[in-house]
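Residues per chain, in single letters:
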Amino acid sequence: MKDAAPTTVYLADYTPFGWRIEDVHLTFRLAPHATRVLARIHFAPCQLAPQQEFFLHGEELRLIGAKIDGQEVTPEVTDKGLTCAVPAGRFLWEAEVEIDPANNTALEGLYMSGGMYCTQCEAEGFRKITFYPDRPDVMATFTVRIESAMPVLLSNGNPGASGDGFAEWHDPWPKPAYLFALVAGDLRNHPDSFTTKSGHKVDLNIWVRPGDEGKCAFGMQALKASMTWDEDVYGREYDLDVFNIVAVDDFNMGAMENKGLNIFNSSCVLASPETSTDDNFERIEAIIAHEYFHNWTGNRITCRDWFQLCLKEGLTVYRDSQFTSDMRGPEVKRISDVIDLRARQFPEDQGPLSHPVRPESFQEINNFYTATVYEKGAEVIGMLKRLVGDDDYARALDLYFDRHDGDAATIEDWLKVFEDVTGRDLSQFKRWYSQSGTPRLSVSEAWDNGTFTLTFEQHTPPTPGQADKLPQVLPIAVGLLNPNGDEVVPTRVLEMTEAKQSFDFTGLSARPVASILREFSAPVVLERDADPQQRAFLLAHDTDAFNRWEAGHILARDCLLAMIRDGATPDTAWLDGLETVLRDSTLDPDFRQMLVALPSQSELAQALHEQGSTPDPDAIYDAVMTLRLFMAERWADLLPKLAEEARVTAPYQPDAEQTGKRALGNMVLGLLTHTDGGAAAQAQFDSADNMTLQLAALANLIRADKAKAALAAFYDQWKDDRLVMDKWFGLQVGAADPGKAVEVAKALTAHEKFDWTNPNRFRAVFGGLIGNHAGFHRKDGAGYALLADWLIKLDDKNPQTTARMCSAFQTWTRYDSGRQTHAKAALERIMAKPNLSRDVNEMVSRILA
Ligand code: 0A1
Ligand code: ZN
């Protein structure tokens, strides 16, 4: 329900809770519409002068009765929680409440999905289960008894007694309520085990719906690889007798790190070669790792308050990126992380939703599970590691785990371990946590008699609530190449702290070519007036894979911008340089295909906007299509050779080697489709024996407007597989001709398999629409209007997913006045919805501000 005046919570207002919780005992008597939750909790006052009453959060709970030390009490209950007079000393709180999981469509708290009970408590869902101080700094041990006729009954920690219709669980590790979890259902198990370095045997289980048993093996392998990696790289062992993962079909996010009982969106754990693409496999591996790594960075050390969210999320994303790098190769991983950062975090940081990595206020914390907190949060850790070096990073992390195990910690605690280990003053570095916006870094070069000078200037444009910015600490990794392409100065990290700063390289015999911001060593926009020859030189010779890719990427972007702005013809010098790289079969196929993947249409829109012109989505789309056709024609003899190199003959494996080859092959197929009318795509579709090839073929058939039969065949083959059906829904909208995307989306919402209350299905269709840049930003506003219609509809059921999808509108002021008028009307229509959720109200207000 919309608050009359939504309340804003401030970091500066943090105050500790007045009591410690010694233990929590919960009994669940499960029933779809009338689950009873009985809580027995020992509270002990923290202060010397204890308060006389306490407040416990509680929402959508029917209080049946409450007692303190065995005496009935009558607390004052509101829609936010209860207030009750309490004794001065230690006391036992008992409360019985009734909840309605079957009608919980927000998917927060205890809810039902496909007949099973499950929970989602982060960030503030536990208050929908029982009255409790639902804040991360209140940590307690939990003992849980589940009473239900369901065959599988799970909760956190280690299993205790169980029997007909009940099971007990005890979690010995104190935890905040957001890590609580419960699952009850008719589930099948994929079991395995892992023995930790110190010899502790851990039972591992992946629990799924009957029929999904065959899709667990990869997730299990990823889990064991993660457990080994965290022991080897961070010295972290698992700490319970059992680790359970459950796959759930209805889930707002990707997965959740509940202690000992991770709950996953089924799309983020279930995999098989026939039903999952290589990208799905890689993402599943990364998410399993991410949730597992939270056991130390998030669970053993948690956050004092939700403003510190990046403490666990930035670090855990950083750790899962390191893991993927180690599993699949650092170069391609770094490039794809930067592509993702620029696609999701940069627009956020440069638009109305911009906020610091550690926000200072919020109305609804669920709106702050953002690319800024997660991905920029991880970038900040990468910079810190680069500044202090690998050894001191390892020492600082050891100290962090030693010093803060069992704590609810802050960013100050985190930075302090680095200060203590290195003796550095990190007060300026800390601005990365408080200052929002993407710094712009410009560079100029000078050459004087053997000395090469780079002069940098940094500047961060204003963001909402922050007009003036101070200089930040920027680690700028630079290497120098001499004119024949050899590296004369290997990578050196320049530490920039001023608004303007110069760095000299002396004793050089010839003017070098600088490779700047290697490995994308800081999350900034680098403004460099390099001429195309210099970029082509770096594309040909840079020893840093990221900058080699970046040189090609910028050439591609500039070529497209010139085509869009001035109607220029494609830059053949760049294409010839690119061709030389593509022909180099010593290079990783995945790296080569990344070089050919053109900048996304929204990146081009952003670039045009930055250059002061108004992006026209249709012109951007046309330029990309023209360029792709041009490439396909120009490379008519190269493409079949690449296709041959990309052929995989061995049995399917989702490993880096095969994945890279298939990615190259699918890139070739995408270009060929521009010239062969879809013949190669049809052949690939007919012979495909894995989803990576099948789906790419289908996408190209859609683009070639030859997909009618293939779409029907695909539907027939996969209509009973929920996750593949999501692909079928999403692809039709995402790959549609922009002029048709809205109509396709509309038609799909009338399909019998369109279940709009399932977040995955809703996101398939509308995420597909949002991803179809020119389709969503259609001139007549039909894309905006359709999305608004459905967001308005979904808000009553699921505010969290609705609010997340509102971010599709965050770039609306970039476009022409006609589109702006349509977007604004759509946003205002959302704002005017009766009983608009707090989640959506906050998002749309910020977007319109
Ligand atoms: N902590 C989880 C993601 C997550 C966050 C919020 C949720 O509900 C609001 C659910 C899951 C992670 O980082 O994986
Ligand atoms: Zn996380």
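Bear in mind that the values here come from a model prediction, so they are computed numbers and not experimental data.

Caption draft 1: Region of the structure containing the UniProt feature "domain: Peptidase M1 membrane alanine aminopeptidase" (unreviewed entry) in the chain. The positions UniProt marks with the feature "domain: Peptidase M1 membrane alanine aminopeptidase" (unreviewed entry) are residues 219–432. Across residues 219–432 one finds 56% helix and 9% strand; the C-alpha atoms that close the span lie 35 Å apart.

Caption draft 2: Structural context of the site of ligand 1. Near ligand 1 there are 14 residues, and of these Glu 122, Met 253, Met 256, Asn 366 and Tyr 369 occur at the shortest range. Here the residues of the shell around ligand 1 sort into five nonpolar, five polar and four charged.

Caption draft 3: View of the packing of helix H16 (residues 656–676) against helix H18 (residues 691–703). H18 packs onto H16 with a crossing angle of 15° between their chain directions and a minimal axis gap of 10 Å. The angle between H16 and H18 falls in the class roughly parallel. Both H16 and H18 take part in a crossing whose hand is right-handed. From H16, Arg 662, Asn 666, Leu 669, Gly 670 and Thr 673 reach across to H18, where they touch Thr 692, Leu 693, Ala 696, Asn 700 and Arg 703.

Caption draft 4: Up close: the packing of helix H6 (residues 390–404) against helix H7 (residues 411–422). For the pair H6 and H7, the least separation of the axes is 9 Å and the interaxial angle reads 125°. Taken together, H6 and H7 sit at an angle that is classed as oblique. Handedness of the H6/H7 crossing: right-handed. In this structure, H6 contributes Asp 392, Arg 395, Ala 396, Leu 399, Tyr 400, Arg 403 and His 404 to the contact, and H7 contributes Asp 413, Trp 414, Val 417, Phe 418, Asp 420, Val 421 and Thr 422. Tallied by class, residues from the contact of H6 with H7 come to seven nonpolar, two polar and five charged.

Caption draft 5: Spatial organisation of the sheet that holds strand E21 (residues 261–265). In space, the five strands of this open sheet follow the order E17-E18-E19-E21-E20, with mixed pairing throughout. Every interior strand has two partners, whereas the edge strands, strand E17 (188–195) and strand E20 (255–256), have only one. Bridge analysis of strand E19 (residues 242–248) against E21 gives five bridges, and the strand direction is parallel. Residue pairing in the sheet places Ala 247 in a bridge with Phe 264 of E21.

Caption draft 6: Expanded view of the UniProt feature "domain: Peptidase M1 alanyl aminopeptidase C-terminal" (unreviewed entry) in the chain. Look at the UniProt record and you will see "domain: Peptidase M1 alanyl aminopeptidase C-terminal" (unreviewed entry) annotated at residues 533–849. Note that residues 533–849 is 72% helix and 0% strand, and that its end C-alpha atoms are spaced 43 Å apart.

Caption draft 7: Spatial organisation of the sheet that holds strand E31 (residues 525–528). As summarised here, the arrangement of the four strands in space is E29-E26-E25-E31, forming an open sheet in which the pairing is mixed. Either end of the sheet is taken by a strand with one partner, and the two such strands are strand E29 (500–505) and E31. On average, each strand axis in the sheet is tilted by 25° relative to the strand beside it, whichever way the strands run. The sheet contact formed by strand E25 (residues 440–448) and strand E26 (residues 451–459) spans nine bridges and is antiparallel. Residue pairing in the sheet places Glu 445 in a bridge with Leu 454 of E26.

Caption draft 8: Local environment of unusual backbone geometry. Cis geometry marks the peptide bond from Glu 122 to Ala 123, where omega comes out at 0°. Following the sequence through the fold, Ala 123 ends up in the loop between strand E11 (116–120) and strand E12 (140–147). The phi dihedral of Asn 835 is positive, around 55°, even though this residue is not glycine.

Caption draft 9: Spatial organisation of the nonpolar core. Leu 182, Val 183, Val 246, Ile 263, Leu 698 and Cys 806 are the most contacted members of the largest nonpolar core, which totals 243 residues. Not counting residues within four places of it along the chain, the set of residues in contact with Val 246 comprises Cys 118, Leu 154, Val 183, Trp 207, Leu 261, Ile 263 and Phe 264.

Caption draft 10: Spatial organisation of the environment of Gln 435. Residue position: Gln 435 is located in the loop between helix H8 (431–434) and E25. With 18 C-beta atoms packed within 10 Å, Gln 435 lands in the partly exposed category. C-alpha of Gln 435 to C-alpha of Phe 346: the two residues are 89 residues apart in sequence and 14 Å apart in space. Once you skip the residues sitting within four places of it in the chain, Gln 435 turns out to touch Pro 356, Thr 460, Gln 466, Lys 469, Leu 470 and Gln 472.

Caption draft 11: Structural detail: the pairing of E21. Across the five residues that make up E21, a large majority, five, are buried. The side-chain alternation of E21 yields two buried faces, one formed by Leu 261, Ile 263 and Asn 265 and the other by Asn 262 and Phe 264. Pairing of E20 with E21, which is carried by two bridges, proceeds in the antiparallel orientation. Bridge pairing in E21 links Met 256 to Ile 263. The antiparallel hairpin formed by E20 and E21 contains four residues in its connecting segment, where Gly 260 sits at a positive phi of about 70°.

Caption draft 12: Region of the structure containing helix H3 (residues 309–328). If you check H3, its first and last C-alpha atoms are 28 Å apart, about what 20 residues at 1.5 Å a residue would give, namely 28 Å. Looking one or two residues beyond H3, the residue adopting positive phi is Gly 329, at roughly 110°.

Cut-offs applied
- Residues numbered from 1 in each chain as written.
- Chains lettered and ligands numbered in written order.
- Predicted model: local features only at pLDDT ≥ 70, side-chain atom pairs only at ≥ 80, totals over all residues.
- UniProt positions renumbered as here; feature names shortened; annotations may be inferred.
- Helix = DSSP H or I, 4+ residues; strand = E, 2+ residues; numbered from the N terminus.
- Near = placed C-beta within 6 Å.
- Nonpolar A, V, L, I, M, F, W, Y, C, P; charged D, E, K, R; others polar.
- Axes fitted to C-alpha atoms, helices over the stretch in contact; angles between N-to-C directions.
- Parallel < 35°, antiparallel > 145°, perpendicular 65-115°, else oblique.
- Left-handed = near helix turned anticlockwise from the far one by under 90°.
- Contact = placed C-beta atoms within 7 Å.
- Pairing = 2+ DSSP bridges.
- Core = buried A, V, L, I, M, F, W, Y, C linked by C-beta atoms within 7 Å.
- Buried ≥ 20, exposed ≤ 12 C-beta atoms within 10 Å, placed from the backbone.
- Expected span 1.5 Å × (residues − 1).

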